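# Observations on chain architecture
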Amino acid sequence: MINISDRIKALAPSATLAMSQKSAELKAQGVDVINMSVGEPDFNTPAHIKAAAIEAIADNFTFYTPVPGYMSLREAICDKLREENGVSYTPAQIVVGNGAKQELCNVILATVNPGDEVIIPTPAWVSYVEMVKLAEGKCVQVPATIDSNFKITPAQLEAAITPATRMVLLCSPSNPTGSVYSRAELQALVDVLVKYPDIIILADEIYEHINYTGEFTSLASFPEVHDRVVLINGVSKAYAMTGWRIGFCAAPLHIAKAVSKLQGQYTSGCSSIAQKAAEAAYTGSQECVETMRKAFERRRDLIVKLASMIPGLKVNRPDGAFYLFPEVTAFIGRTDGTTTITSSGDLTMYLLEHARVATVDGAAFCLDGYIRLSYATSDDNIKEAMKRIAAALARLH
Ligand code: PMP
Ligand code: GLU
């Protein structure tokens, strides 16, 4: 049998996508599962964006696209970055790819050498660690827990830096915790990074608009580090466009060129139709973004209220994204008489089987003893899911 490469053997499958797949399979068998595993807006893509895609087909935007994306889309992204984030980029510094996911991976592959250290505050999104592995870099985790609202301190960051540090990866608002760093908190981290001019700052800002604090600061807007920030964003979350697969990086020119070179050999420019849709998202009315944000905020309030009432769950009040990340260590060692819970992973399987609610194990985000619930689902689903979870957990003694 022809063997699989060591690279792929060492790679963990995406736990978020795996749990979502499991929940879809159960649903297809007629099981009434509430899927709180995958993180994606449950709204349809706004009508004016869909119309732009249909028009793009009619207008024959059906040929290969430039590797870094259509110029008109990159210009629209530059306008967005200037107007919303107060940062100045030229279209040559933007590379559009198949989702923020591809651009994150491209940037890591384009800048990290084998053995380079990449600092990742944890808990962190499932794919970061695996992307660094692909680049043969070394992950240096900087842990935070619910007691610090899942945020790291400047002292923790500084203690993790070594001469081998190549990159620091920050995600705010955060997946899986929903934590949002304030401008002052980011400034304090920047004050540390300013002392280490060779470190690239990879800023994943995909949840920019799903924010309940009323304030968003882009890491690229700090002039003292601007020339080494690589900003990642995209349309998946803000415009309910997860299936269109459009994200981008905004980077120092030499990094943008390297990313483009990689993409040119690997996937080429991304879908012509999806790019025209993304352009409509950035240039059209932004009302839809606020409408969805408000719905997520209402659901955040609802899930925090209901989860806080469940004995044993330790819950905080996330300021952004659409995830709740409760600590569940109180249930470890408990049993319903048949199943004994020995880890947060066991608890997610127990909840799938006995509450019919799909969640994700905190271990997939590098923090055992927690689970992630995505509340990007209807108010009714949230109420029903929390009722079922409460009942299932009450059976554990
Ligand atoms: N970063 C984070 C933190 C995410 O949660 C996601 C969600 N998929 C992505 C990046 C990638 O988004 P996409 O590829 O859909 O643009
Ligand atoms: N980012 C979402 C999540 O964390 C989508 C799935 C994925 O790409 O991981 O659930």
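Just above, that's the structure.
How each quantity is defined
- Residues numbered from 1 in each chain as written.
- Chains lettered and ligands numbered in written order.
- Predicted model: local features only at pLDDT ≥ 70, side-chain atom pairs only at ≥ 80, totals over all residues.
- Heavy atoms only, no water.
- Helix = DSSP H or I, 4+ residues; strand = E, 2+ residues; numbered from the N terminus.
- Rg over C-alpha atoms; globule rule 2.2 N^0.38 Å.
- Buried < 20%, exposed > 50% of the residue type's maximum accessible area, 1.4 Å probe, protein only.
- Contact = heavy atoms within 4.5 Å.
- Areas by Shrake-Rupley, 256 points an atom, 1.4 Å probe, with all protein chains shown as cover.
- Lys, Arg positive; Asp, Glu negative; His and termini not counted.
- Charge placed at Lys NZ, Arg CZ, Asp CG, Glu CD.
- Near = heavy atom within 4 Å.
- Polar contact = N/O pair within 3.5 Å; in protein donor to acceptor, adjacent residues only side chain to side chain.
- Nonpolar A, V, L, I, M, F, W, Y, C, P; charged D, E, K, R; others polar.
- Phe/Tyr/Trp six-rings, centres within 6.5 Å; stacked < 30°, edge-to-face > 60°.
- Lys NZ or Arg CZ within 6 Å of the ring centre and 35° of its normal.
- Pairing = 2+ DSSP bridges.
- Axes fitted to C-alpha atoms, helices over the stretch in contact; angles between N-to-C directions.

A count of helices and strands for the chain gives 13 helices and twelve strands. Relative to the globule expectation of 21 Å for 397 residues, the C-alpha radius of gyration of the chain, 21 Å, shows essentially globular dimensions. Along the first, second and third principal axes, the C-alpha set of the chain runs to 60 × 55 × 55 Å. With 397 residues in all, the chain has 56% of them scored as buried. Within the chain, counting contacts between residues at least 6 apart in sequence, those at least 24 apart form 74% of the total. Total accessible area on the chain is roughly 16,500 Å²; 55% of this is exposed by carbon and sulfur atoms. Of the side chains in the chain, 36 bear a positive and 42 a negative charge, and the two mean positions are spaced by 3 Å.

Next up on the list: the site of ligand 2. The immediate surroundings of ligand 2 are formed by T16, L17, V38, G39, K101, W125, N175, Y207, K237, Y323 and R372. Residue G39 places a main-chain N or O atom 2.7 Å away from an oxygen atom belonging to ligand 2. Interatomic distance of 2.8 Å between a side-chain N/O atom of R372 and an oxygen atom of ligand 2.

Around ligand 1 sit 14 residues, and of these A100, N175, D204, Y207 and S236 come closest. Within the backbone of K101, a nitrogen or oxygen atom sits 3.0 Å from an oxygen atom of ligand 1. Within the side chain of Y207, a nitrogen or oxygen atom sits 2.7 Å from an oxygen atom of ligand 1. Bound to the protein, ligand 1 loses 93% of the 390 Å² it would expose on its own. Residue contributions to the shell around ligand 1 peak at four residues, all from helix α5 (residues 99-111). Of the residues contributing to the shell around ligand 1, the split by class is seven nonpolar, three polar and four charged.

With that settled, consider the packing of aromatic side chains. With the rule as written, the count across this model stands at 13 aromatic pairs. Consider the rings of Y239 and Y282, whose centres lie 5.7 Å apart with planes at 80 degrees: the pair is edge-to-face. One end of the pair, Y239, is in the loop between β7 (229-234) and β8 (247-250); the other, Y282, is in helix α10 (residues 272-283), and 43 residues separate them in sequence. The exposure classification of Y239 matches that of Y282, with both residues buried. On the numbers, 6.3 Å between centres and 70 degrees between planes, the contact of F248 with Y282 is edge-to-face. Separated by 34 residues along the polypeptide, F248 in strand β8 and Y282 in helix α10 bring together distant segments of the chain. Accessibility classification places F248 together with Y282 in one group, the buried group. Members of the aromatic cluster, joined through ring pairs, are F43, Y207, F296, F322 and Y323. We note K151 situated over the ring of Y181; from NZ or CZ to the ring centre the distance is 5.8 Å.

This next bit is on the sheet that holds β8. An order of β2-β8-β7-β6-β5-β3-β4 is seen for the seven strands of this open sheet, with the pairing classed as mixed. Sheet topology places β2 (94-97) and β4 (138-143) at the edges, where each strand pairs with a single neighbour. If you compare each strand with its neighbour and ignore which way they point, the axes differ by 20 degrees on average. As paired strands, β2 and β8 are joined by four bridges and run antiparallel to one another. The residue of β8 that forms the bridge with G97 is G247. Running over the sheet, helix α6 (residues 126-134) touches β3 (117-122), β4, β5 (165-171) and β6 (200-204) and is turned about 170 degrees from β3.

All right, on to the environment of A52 then. Tracing the sequence through the fold places A52 in helix α3 (residues 47-58). Sequence spacing of A52 and A280 is 228 residues, and the spatial spacing of their C-alpha atoms is 6.3 Å.

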